[in-house]
Amino acid sequence: MKKNPLIFFCILLFFIVSVHAQRETANWFFGVNAGLNFNSGAPVNLDTGQINTLEGCSTISDADGALLFYTDGVTVWNRMHQMMPNGTDLAGSLSSTQSCIIIPNPGNANLFYIFTTDVVDSYNGSNTGASNGFNYSVVDMAQSSGMGNVTTKNVNLLTNTSEKVSGTLSSDGNYWVVTHRNNQFFSFKVTAAGVNAIPVVSNTSNAVPDYRNIRGNMKISPNGQKLAIAHTLFEPDLAGLLYLYDFDSTTGFVSNGQFMADEIMFYGVEFSSNSTRLYASGKAFGINSLTNMQLQQYDVTAADVPNTKFVVYDYPSAQVTPSLAGSLQLGLDKRIYHALPSSKLSTINAPNLLGAACGFDYQSVDLGTNFTRFGLPASVQSFYESIATIENFCLGDETTFTISSENTITGINWNFGNPASGTANTSTAISTSHTFTNAGSFTVTAQVSFSNIPDQLFTEIVVIQETPNIAPLFTIEQCDVDENDTDGLSVFNLQEAITIIEEDNGNDNIDVAFFESMNDAQMNENGITNDFYANTVNNQILYARVFSYIDCFAITQVRLSVSEGSNLGVYSTIDVCEVGDTNISISQIETIIGDDFPSATISIHSTRDEALLLENQLTNFSFIDATTTDELFFRVSYGSNCGFIGSILLNIVAQPTLEDQQAFLCSDVGSAVELSFDESFSSYAWSTNETTPSIMVTEVGTYAVVVTNSAGCEKEINYVVTAEPPLTIDRIDVHDFQDVNTVQILLTSDSNPENISYSVNGGNSFSESNEFVNLFPGVYDIVVRRGECSAATETILVGGFPKFFTPNGDNVNDTWQLLQKEYYPNATIELYDRYGKNLNYIKADSEWDGTYKGISLPSGDYWYKLTLESGRVVTGNVTLKR
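A brief look at the structure comes next. (Residues numbered from 1 in each chain as written. Predicted model: local features only at pLDDT ≥ 70, side-chain atom pairs only at ≥ 80, totals over all residues. Heavy atoms only, no water.)

1. Considerations on the layout of surface pockets
Here is step 1: Size it by volume and the largest pocket reaches roughly 820 Å³.
Here is step 2: When residues of the lining of the largest pocket are traced back to their parent elements, those giving at least two are β11 (165-169), β28 (388-391) and β34 (456-464).
Here is step 3: Tallied by class, residues from the lining of the largest pocket come to 13 nonpolar, 22 polar and 6 charged. (1 Å grid on protein atoms, 1.4 Å probe; cavity = no way out; pocket = protein on both sides within 12 Å on 5 of 7 lines; lining within 4 Å. Points joined across faces, edges and corners; volume = space filled by probe spheres on them. Helix = DSSP H or I, 4+ residues; strand = E, 2+ residues; numbered from the N terminus. Nonpolar A, V, L, I, M, F, W, Y, C, P; charged D, E, K, R; others polar.)

2. A look at the environment of V200
Here is step 1: In this structure, V200 sits in strand β15 (residues 200-203).
Here is step 2: The class of V200 is partly exposed, set by a relative accessible area of 25%. (Buried < 20%, exposed > 50% of the residue type's maximum accessible area, 1.4 Å probe, protein only.)

3. Points about empty space enclosed by the protein
Here is step 1: One pass over the structure, following the stated rule, counts 5 cavities of 30 Å³ or more.
Here is step 2: Considered as a void within the structure, the largest cavity measures approximately 70 Å³ in volume.
Here is step 3: As for the largest cavity, its lining consists of 14 residues, of which T97, Q98, N217, L376 and A378 are closest to the centre.
Here is step 4: Split into classes, the residues belonging to the lining of the largest cavity amount to 5 nonpolar, 8 polar and 1 charged.

4. Things to note about the environment of D62
Here is step 1: Within the fold, D62 resides in the loop between β4 (58-61) and β5 (67-71).
Here is step 2: With 35 residues separating them in the primary sequence, D62 and N27 have C-alpha atoms 9.8 Å apart.
Here is step 3: Beyond its immediate stretch of four places on either side in the chain, D62 contacts R23, E24 and L68.
Here is step 4: In this structure the side chain of D62 is engaged in a polar contact, spanning 2.9 Å, whose partner is the backbone nitrogen of D64. (Contact = heavy atoms within 4.5 Å. Polar contact = N/O pair within 3.5 Å; in protein donor to acceptor, adjacent residues only side chain to side chain.)

5. Points about helix α2 (residues 494-505)
Here is step 1: Here α2 contains 12 residues, and its C-alpha end-to-end distance of 17 Å stays within 8% of the 16 Å for a straight helix at 1.5 Å per residue.
Here is step 2: Within α2 the residues assigned to the buried category are L494, E496, A497, I498, I500, I501 and E502.
Here is step 3: Residue N493 occupies the N-cap position of α2, its side-chain oxygen lying 3.0 Å from the main-chain nitrogen of Q495. (Expected span 1.5 Å × (residues − 1).)

Right, here's the structure in full:
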């Protein structure tokens with residue numbers, strides 16, 4: 001939906017298609033796999049193209065609009081988008097401005113000629129270098145079961161030429177193909193006999209001798225009477241030239257060159273379908289070299305054409321790529337298309353109209369995933385000629401067809417493509433009219449007889465539109481939130497009015513323009529151009545002109561009503577969840593406020609004005625800095641009407657910080673494992689439909705739980721339950737007979753270390769550490785388990801001696817002996833005094849009373865040597881106290 005009255009006016013010719021040869025230009029393939037189909041009267045995106053060209057290309061269809069083939073001047077593709085046999089290595093270039101043009105044989109519907117131009121770079125620094133020059137190749141569509149073959153390739157016509165070529169009908173029903181070099185035009189005649197290799201040469205006084213300046217477009221007007229040429233100059237400096245010539249479609253002669261302009265670096269040229277307007281594209285040069293670009297219009301019918309220049313559109317630098325200014329090309333719908341590297345084309349919607357009425361529309365045609373570059377398909381320019389001015393496209397109106405031609409018309413047979421109209425479906429009047437019976441697209445044909453040129457068939461596609469059926473009055477209500485909230489004044493977003501009008505119409509295929517008076521609405525003058533409108537009095541009436549085509553309109557009233565008492569101010573302070581560390585949950589705010597306004601729609605905004613105008617509505621995907629945002633604004637809407645505006649203060653609460661959890665299910669039959677959290681939350685929602693803080697599960701799998709804190713902040717956590725991994729003790733390192741005995745329990749490498757605990761007392765207590773220190777000599781039952789699962793077990797012995805003994809006859813520590821000696825039956829002990837004298841040799845299961853040969857030894861330290869059955873030797877000392 002658009003709300004630009006100028007653009008609406010310029011749609012006038014959008015629905016009109018006329019060509020001598022009917023629908024030969026119905027398909028385009030260009031750029032990077034880009035394609036358009038015009039058979040419906042408007043361009044439809046095509047994704048099947050194989051072409052990838054920087055600039056020039058050409059496409060041809062049959063008279064019914066079915067694709068035949070297309071080319072970039074190097075490769076030819078058939079209608080199935082396959083390379084045509086012998087269709088490679090043509091002598092053009094994908095980087096030549098107009099690398100090729102397809103010309104039909106006027107006497108054989110199966111034969112076509114592809115004329116090609118080479119690129120400037122091929123001249124290799126010389127005006128007479130090794131360029132391919134100007135050539136043609138022949139396509140026979142009768143070959144390959146109607147898919148076509150290139151039967152003749154690269155017939156040279158000129159050794160040197162430029163990157164320019166254009167084609168038109170001759171006055172005798174044949175074709176002229178024209179190219180240019182330096183100060184000469186070369187016109188080649190194409191007849192039923194083929195291509196006449198001897199050109200008509202036109203010498204002019206306007207020379208461009210440097211081969212480096214041969215870029216730029218050239219076009220013949222659709223009526224075959226004018227020729228425009230753009231010289232894109234790179235040497236010695238960046239510059240441009242634009243000339244307009246007369247063209248004689250009888251002789252092929254070019255004459256009467258007229259200098260038009262040189263203030264920009266011209267590149268693209270094109271005429272309107274009725275040949276009365278010339279358009280040119282060019283870039284600025286000099287200080288702002290290649291930064292800005294213009295589309296210009298000239299009135300070809302004026303006595304002083306250069307002084308009629310009108311700037312259709314001045315591209316700002318942000319819309320311009322630093323290269324060429326892009327080609328212009330008429331389409332079957334009579335719009336002129338402008339190509340620049342992009343996924344969209346810009347259009348001049350009504351190029352027959354002067355000045356701003358021509359209606360430039362920036363990037364109005366979307367190419368989807370494909371791209372245009374600098375070129376568009378070249379065709380015979382006469383295919384786009386229109387000799388009928390068609391007016392009145394509303395259902396029920398009389399549509400008029402007014403003929404204007406430079407040639408003498410002796411008769412016309414009209415067929416309006418509307419058989420439901422009975423005998424009124426045909427007419428033989430030169431200028432005529434017809435009332436169509438229903439809305440829709442109609443193919444109107446006019447078989448025109450001339451006294452001075454061959455008969456021609458023109459086809460016009462006329463789209464008849466219904467006048468919208470709209471209610472007479474709509475009301476939109478707005479809140480009053482300014483300093484005086486009782487004055488009935490506010491600012492309205494007129495897009496809201498458009499929405500309710502579209503809903504009343506039943507679809508959005510309409511356009512709406514707003515006016516302050518009924519007269520302005522009827523005359524389509526003084527339209528309101530801003531979506532945001534400040535009323536001057538409460539319940540002010542605006543007038544909406546509603547239409548799908550500019551002349552098929554209905555006018556309805558829109559009442560602007562302002563509600564008093566709708567400013568809620570600071571409404572509340574709420575807890576809101578932080579999302580992703582820096583964002584917040586907008587949906588949570590909408591829910592909280594919505595609870596207070598159950599039948600309304602809640603929208604959240606960053607500012608009060610945005611809430612008022614329903615602009616930039618925030619969502620969970622909007623970036624909101626939680627570290628700096630402490631207030632947001634909300635709008636309460638009832639339908640499209642504003643009920644209240646207010647603000648909320650935010651208390652931002654962090655989300656739960658839990659990570660995903662893991663648990664192991666024991667292998668024992670009937671085992672279960674508890675899934676729980678250390679932290680407490682206000683609610684739990686398990687994937688098992690349980691809502692308790694912990695659950696027991698008996699199967700492996702992933703269990704999801706959504707935990708919610710007191711502020712309503714949620715987080716989903718996965719609890720992954722797997723079968724108990726294998727658990728095997730590799731070895732137990734016992735460091736005994738030490739002052740401080742230690743034990744270290746080591747598992748095999750394939751034992752998962754997650755959630756392992758260790759015990760040395762038979763499972764009475766467990767430690768997460770696998771090392772135990774300061775163990776008293778004795779027998780220890782080792783238990784290793786994972787969680788609460790069954791454990792791996794082993795028994796170990798920690799050996800040792802008492803550190804001292806007191807042989808004083810009190811029956812306490814009277815003897816010294818190996819602890820747990822029953823586990824060392826074959827061990828032996830040797831005793832020594834401080835001087836190394838052997839005092840005793842005893843079995844490990846016996847005791848020493850502190851005597852040597854029956855004599856009590858004095859207090860002091862004595863040394864021992866323990867030899868175990870395994871061969872291990874342990875040495876140490878013991879203190880004897882008396």
